[in-house]
Amino acid sequence: MSETDRVALAFSGGLDTTVCVPLLEEEYDYDEVIGVTVDVGQPESEFEEAEKTAEALDLDHYVVDATEEFAELCFDAVRANASYQGYPLGTALARPVIAQAILDVAEEQDCTGLAHGSTGKGNDQLRFEAVWRDSDLEVIAPVRELGLTREFEQSYAEERDLPIEGGDEGKYSIDTNLWSRSIEGSELEEPGYVPPEDIYEWTSTPTEETLEIEVGFENGYPVSLDGEATSPVELIEELNDLAGDYGVGRSDIMEDRMLGLKVRENYEHPAATVLLNAHAALEDLVLTKEERDFKKHVDHEWSEKGYQGLVNAPLIDALEGFIAETQTRVTGTVTVRLEGGQARPVGRESTYAVYSAEAASFNTEDVTGSIEQGDATGVAKYHGFQERLANRVIDGHDE
Ligand code: ARG
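Notes on the structure follow. In this convention, every chain numbers its residues from 1, walking through the sequence in written order. In view of the model being predicted, local features appear only for residues whose pLDDT reaches at least 70, and side-chain atom pairs are presented and counted only at 80 or more, with totals across whole chains, interfaces and linings using the full set of residues. Each side-chain value is worked out from all heavy atoms of the structure, with water and hydrogens disregarded.

Any two strands between which DSSP finds at least two bridges are classified as paired. Secondary structure counts use DSSP, requiring at least four H or I residues in a row for a helix and at least two E residues in a row for a strand, with both numbered from the N terminus. Spatially, E3-E2-E1-E4-E5 is the arrangement adopted by the five strands of the open sheet, whose pairing is parallel. Looking along the sheet, the strands with just one partner apiece sit at the ends: strand E3 (60-65) and strand E5 (138-140). Going across the sheet, the axis of each strand differs from the next one's by a mean of 25 degrees, ignoring polarity. Judged from the six bridges that link them, strand E2 (residues 32-39) and E3 form a sheet pairing that is parallel. Bridging across to E3, Thr37 finds its partner in Val63. We call two residues in contact whenever any of their non-hydrogen atoms come within 4.5 Å of each other. Axis definition: a line fit to C-alpha positions, over the contact stretch in the case of helices; interaxial angles, taken between N-to-C directions, run 0 to 180 degrees. Along the sheet, helix H1 (residues 15-26) contacts strand E1 (6-10), E2, strand E4 (113-115) and E5; its crossing angle with E1, the most-contacted strand, is approximately 165 degrees. Strand contacts of helix H4 (residues 90-108): E1, E2, E3 and E4, with the helix running at about 140 degrees to E2, the strand carrying the most contacts.

Any Lys or Arg side-chain nitrogen located within 4 Å of an Asp or Glu carboxyl oxygen qualifies as a salt bridge. Applying the stated rule across the entire model yields 24 salt bridges. Measuring nitrogen to oxygen at the nearest pair gives 3.1 Å for the salt bridge that ties Glu187 to Lys171. Note that Glu187 is positioned in the loop between strand E7 (181-184) and strand E8 (210-218) and Lys171 in the loop between helix H7 (150-159) and strand E6 (173-176), a separation of 16 residues in sequence. Each residue is assigned to one of three classes by its accessible area relative to the maximum for its type, calculated with a 1.4 Å probe on protein chains only: buried under 20%, partly exposed between the two thresholds, exposed over 50%. Lys171 gets classed as exposed once you look at its relative accessible area, which sits at 51%. With its nearest N and O atoms 2.9 Å apart, the salt bridge here joins Lys262 to Asp256.

For the rest of this paragraph, the subject is the packing of helix H3 (residues 67-79) against helix H9 (residues 270-286). One way to put it is that H3 packs onto H9 with a least axis distance of 9 Å and a crossing angle of 40 degrees. On the basis of their axis angle, the class for H3 and H9 is oblique. When the axes of H3 and H9 are compared, the crossing they make is right-handed. Judged by residue contacts, Phe75, Ala77, Val78 and Arg79 of H3 engage Leu275, Leu276, His279 and Glu283 from H9. To sort the angles, those under 35 degrees are grouped as roughly parallel, those over 145 as roughly antiparallel, those from 65 to 115 as roughly perpendicular, and the leftovers as oblique. Working rule for handedness: look at the near helix, and if it is turned counterclockwise from the far one by less than a right angle, call the crossing left-handed; if clockwise, right-handed.

Once that is clear, we can look at the site of the ligand. The nearness test applies per residue and asks whether one of its heavy atoms lies within 4 Å of the molecule or strand. Every one of the 14 residues lining the ligand counts as a neighbour, but Tyr87, Asn123, Glu255, Glu265 and Tyr267 are closest to it. Definition of a polar contact: a pair of N or O atoms within 3.5 Å, with one able to donate and the other able to accept a hydrogen when the atoms are protein atoms, and with sequence-neighbouring residues admitted only if both atoms are side-chain atoms. The side chain of Glu184 places a nitrogen or oxygen atom 3.2 Å from a nitrogen atom of the ligand. Between the ligand and Tyr267, the relevant distance is 3.2 Å, taken from a nitrogen atom to a side-chain nitrogen or oxygen of the residue. Here the ligand has 350 Å² of accessible area as a free molecule, and 89% of this is covered by the chains. Of all elements in the fold, only H4, helix H5 (124-132), E6, E7 and strand E12 (262-268) reach the threshold of two or more residues within the shell around the ligand. Broken down by element, the residue count for the shell around the ligand peaks at three residues, all from H4. Residue polarity is assigned by list, with Asp, Glu, Lys and Arg as charged and Ala, Val, Leu, Ile, Met, Phe, Trp, Tyr, Cys and Pro as nonpolar; anything else, Gly included, falls into the polar class. The residue makeup of the shell around the ligand, split by class, is three nonpolar, four polar and seven charged. For the accessible areas, the method is Shrake-Rupley and the probe is 1.4 Å, while residue cover comes only from the protein chains on display.

Next up, the structure:
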């Protein structure tokens, strides 16, 4: 045991995590709090805010870069066509990465506790703690445990002259990383409320303009844009800019949270939409019907675990065994048209295409050397045989 009891706090510089700093000393008897901000592709302004707030609080502040690791996880999600109720899982996938990075700093700094500023209503508390509770450190969630409200936090911060001008002046709760930007809270909670355009920062209002781009894949991983090889981080950033300009990747959904709450959520995720649509289009070309059908179940299970923040589950490894086997053929290119807020695959090519021009064409006869049109007659006679028989039996009973 160290003489000083030190706690590592997941720190953003927002209101929740700012009030956590004095609370961890006063209510939880820690001698020292360190703040850890993990970079998963938030905008520069968030780091500036965290840095400024940390300085004003005299908080030891650590910034860890996890962008590459996070981008790679997003690409695993692409291979799994991952989406939860229409949400490509940005926040959900980032949490375990953030939690692990904070745990690593905490252990290096001889901390005895870990804290986050999540409330007791959301998913993030569960995702953080799923990772942290695997360690021996004490896990603390001051906002949840002390039952804090935004109003209380606001007046507490004012009383103590805590630096809160930087952030949280907006009325929405926003969580941004490479893969998605979520906008929640205030009137947006009302499912019938139509969001104003100004909630969107990554996506423009769609116009008549269109653009065609070509995404290259190797083994199901996105590897290039318009023929140029790119790293995962670069590709995501580039596509967020490019497709965002065409209004691609907005979703407005009713989301069933892990604790059972049904919540209205708004998201922006241009790159995720382009890459997920393109990837699915390539799978459609190279996988057999049976593989496509079965993979939907695998992808669904992957997405559920992803949403729960349990990407380290043994089930994920097992699912990825199947996914990896199928992705050996998901190599090729997809042309995607950005138009009207959509990213629509309009062309796909692969040397693994399960497609034969000769077999599919209506204009040729017996070109495969093995199948003739006439061979279908027998199949056509049998097709629906059982249904015809069953209907006859049913009719017989009705008479
Ligand atoms: N509902 C989404 C999720 O659970 C987004 C959460 C956003 N988090 C936040 N602290 N604003 O993944």
